[in-house]
Amino acid sequence: MTPTLPNLPDHIETDRLLIRPHHPGDGRALFEATVESLTDLRRWPAAMGWALEEPSEEQSEAFCRQCAQDFAARREFPLLLTDKASGEIVGSSGLHRPDWSVPKLEIGWWVRTGRGGRGLVTEGARAIVEFGFAHLGARRIFALPDDENAASCRVCERIGMQFEGLLRNERAEPGGRLRNTRMYAAIR
């Protein structure tokens, strides 16, 4: 059961990012960011199977509308990472799969290909983890990057998450190849 949560801020601000829920009308911009990033996203088919399908602007808009509904209903907390100066979508993140009995949430992310390697995901993930602890009452926030996704593992370490273990053969790619997943977490 979802607890009654206090009003949540409508955005999170960092030095370079405005992190906010999806809005109706974001579909075109999210579609463009996704299309630009498909080659990189498809490197992790067991973790990001959704990226294997060809996206469309209409599907992206429907996704944004569903994310907005999920955030408003407190079922999930999907967030867009946008460049504070330009408003461009530079990535996607959020807190997912809440288990209110602990409470705990999973954080995930991807960065727009043209904006990678600049620390934007680290900056955004750090702020989102803090949001989860401060506003959602989380006691545990965890990440499950692919064992070979060194960039995501480094983000986990940079934001203070502890490596808790390797989940062997935890996910399968569409072709059946098994993948290992790392478990990182921050607790309060």
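Please refer to the structure higher up on the page.
Analysis parameters
Residues numbered from 1 in each chain as written. Predicted model: local features only at pLDDT ≥ 70, side-chain atom pairs only at ≥ 80, totals over all residues. Heavy atoms only, no water. Disulfide = S-S within 2.5 Å. Buried < 20%, exposed > 50% of the residue type's maximum accessible area, 1.4 Å probe, protein only. Helix = DSSP H or I, 4+ residues; strand = E, 2+ residues; numbered from the N terminus. Pairing = 2+ DSSP bridges. Polar contact = N/O pair within 3.5 Å; in protein donor to acceptor, adjacent residues only side chain to side chain. Contact = heavy atoms within 4.5 Å. Axes fitted to C-alpha atoms, helices over the stretch in contact; angles between N-to-C directions.

**Section: the state of the cysteines**
What the rule picks out here adds up to zero disulfides. Distance from the sulfur of Cys64, which forms no disulfide, to the nearest cysteine sulfur (Cys67) is 6.3 Å. Of all cysteine sulfurs in the structure, the one in Cys156 sits closest to Cys153, which takes part in no disulfide; the separation is 6.2 Å. On the accessibility criterion, Cys153 (6% relative accessible area) is buried.

**Observations concerning the pairing of strand S3 (residues 77-83)**
Of all seven residues in S3, seven are buried, a share of seventy percent or more. Where burial is concerned, the two faces of S3 agree: the one with Phe77, Leu79, Leu81 and Asp83 and the one with Pro78, Leu80 and Thr82 are both buried. Note: strand S2 (residues 17-20) against S3, four bridges, orientation antiparallel. Residue pairing for S3: Ile19 is matched across the bridge by Leu81. As defined by bridge partners, S3 adjoins strand S4 (residues 89-99) across six bridges and the pair is classed as antiparallel. By the bridge assignment, Phe77 is partnered in S4 with Leu95. Remark: five residues form the turn of the hairpin made by S3 and S4, two consecutive strands paired antiparallel; Gly87 in that turn has positive phi of roughly 85 degrees.

**Focus: the side chain of Thr34**
Take Thr34: it is sitting in helix H1 (residues 27-41). By relative accessible area, which is 6% here, Thr34 ends up buried. Among the polar contacts made by the side chain of Thr34, one reaches the main-chain carbonyl oxygen of Leu30 at a distance of 2.8 Å. Excluding residues that lie within four positions of it along the chain, Thr34 makes contacts with Leu41, Trp50, Pro55 and Trp110.

**Some points on the environment of Ala186**
Locating Ala186 in the fold gives a position in strand S8 (residues 178-187). Given a relative accessible area of 11%, Ala186 falls into the buried group. Between the alpha carbons of Ala186 and Phe133 there is a distance of 9.6 Å; along the sequence they are 53 residues apart. The contact partners of Ala186, leaving out residues within four places of it in the chain, are Phe133, Arg139, Arg140, Ile141 and Met161.

**Considerations on the sheet that holds strand S5 (residues 104-111)**
Spatially, S1-S2-S3-S4-S5-S6-S8-S7 is the arrangement adopted by the eight strands of the open sheet, whose pairing is mixed. Each end of this open sheet is capped by a strand with a single partner; those strands are strand S1 (12-13) and strand S7 (162-172). Judged from the three bridges that link them, S5 and strand S6 (residues 140-143) form a sheet pairing that is parallel. From the neighbouring strand, Glu106 faces S6, where its bridge partner is Phe142. The sheet contacts of H1 involve S3, S4 and S5, and relative to S5 the element is tilted by about 85 degrees.

Nothing here speaks to function; it is geometry throughout.
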